[in-house]
Amino acid sequence: MKIKPPQIPEALSKVTDFLGLMAAIKHKEYDISNVLLKDEFITDYDFAGQGFRNMVFDNCRFINCSFYKGCFTDVKFKNCDFSGSDFELSYFSRCEFSSSKAVGTTFPQSNFINVVITDSIFEYANFDNGKLQQIKIADSCFNYANITSANLKELDLSETQFLGTVFFKTPLKGINFTKCTIKNISISQDCKELKGMQVSLIQGAELSTFLGIEIVE
């Protein structure tokens, strides 16, 4: 599977007063684009409805902020922390997350298309009713994340942890978990989520408990 990378200009303008820029464009429906945002630390700020395009977030922390209905196109997040923030109904296209954190971050009803996630932590994140299509995830942690009633398509997974992850009413057909750790997940009583998923023999033994199967030696 080929993921389309972010299209970002080589020369970016470095923003030195990000909140000042936000105040200047507030309610004008302008996208922030072609900029480098570095070493920002912002808490409890409302970015709802803001668009971000062709830019890089480098070593930024946005704690408990609202990005409700945000739009991110051709964006790189490097060593960033969005823990506790809200991205409900947001859109991510051709984005990359590397060495970043989104612990307890909410992404319900959000769309992720052509997104790469590496060396990142999404523990307790919420992707309920979201759409994740053409996604590559490597060396990351999705332990105890909620991925309920989600649409997952064309996921490339490797060296990623799914411990205690909730996949309730999320079909896992065609998704290959053999290079990942998947254990103690939550699914519906009829186990329909498991149909067609790809797992190793050891993982299959773990998941067989949902079907009431006892494996003995």
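Residues numbered from 1 in each chain as written. Predicted model: local features only at pLDDT ≥ 70, side-chain atom pairs only at ≥ 80, totals over all residues. Heavy atoms only, no water.

Enquirer: Account for the side chain of S85, naming residues and giving values.
Expert: Looking at the secondary structure, you find S85 in the loop between strand 7 (71–78) and strand 8 (91–98). Here S85 falls in the buried class, since its relative accessible area comes to 0%. A polar contact of 2.8 Å, which involves the side chain of S85, links it to the backbone oxygen of F62. In terms of polar contacts, S85 uses its side chain to reach the backbone amide nitrogen of N64, at 3.3 Å. Among all residues touching S85, those that are not within four sequence positions of it are F62, I63, N64, C65, T105 and T106. (Helix = DSSP H or I, 4+ residues; strand = E, 2+ residues; numbered from the N terminus. Buried < 20%, exposed > 50% of the residue type's maximum accessible area, 1.4 Å probe, protein only. Polar contact = N/O pair within 3.5 Å; in protein donor to acceptor, adjacent residues only side chain to side chain. Contact = heavy atoms within 4.5 Å.)

Enquirer: Tell me about the environment of A125, and name the residues and values.
Expert: If you trace the backbone, A125 turns up in the loop between strand 9 (111–118) and strand 10 (131–138). When the C-alpha positions of A125 and A145 are compared, they lie 4.7 Å apart, and in sequence the two are 20 residues distant. In this structure A125 touches A102, G104, T105, F107, A145 and N146, once residues within four positions along its chain are discounted.

Enquirer: Which residues make up the pairing of strand 8, and what values go with them?
Expert: Two faces make up the sheet, and in a regular strand the side chains alternate between them. The pairing of strand 7 with strand 8 spans seven bridges and is parallel. By the bridge assignment for strand 8, T73 is matched with S93. Bridge count for strand 8 against strand 9 is seven bridges, and the pairing is parallel. Residue pairing across strands places S98 opposite T118, the latter belonging to strand 9. (Pairing = 2+ DSSP bridges.)

Enquirer: Lay out the pattern of salt bridges in plain terms, naming residues and giving numbers.
Expert: Evaluation of the coordinates by the stated rule reveals three salt bridges. Here R53 and D31 are joined by a salt bridge, their closest N and O atoms 3.4 Å apart. Of this pair, R53 sits in strand 5 (residues 51–58) while D31 is found in the loop between helix 1 (18–25) and strand 2 (32–33), placing the two residues 22 residues apart along the sequence. Under the relative-accessibility criterion, R53 is labelled partly exposed at 33%. Among the ionic pairs, K38 bridges to D58, the shortest N-O distance being 3.1 Å. (Salt bridge = Lys/Arg side-chain N within 4 Å of Asp/Glu carboxyl O.)

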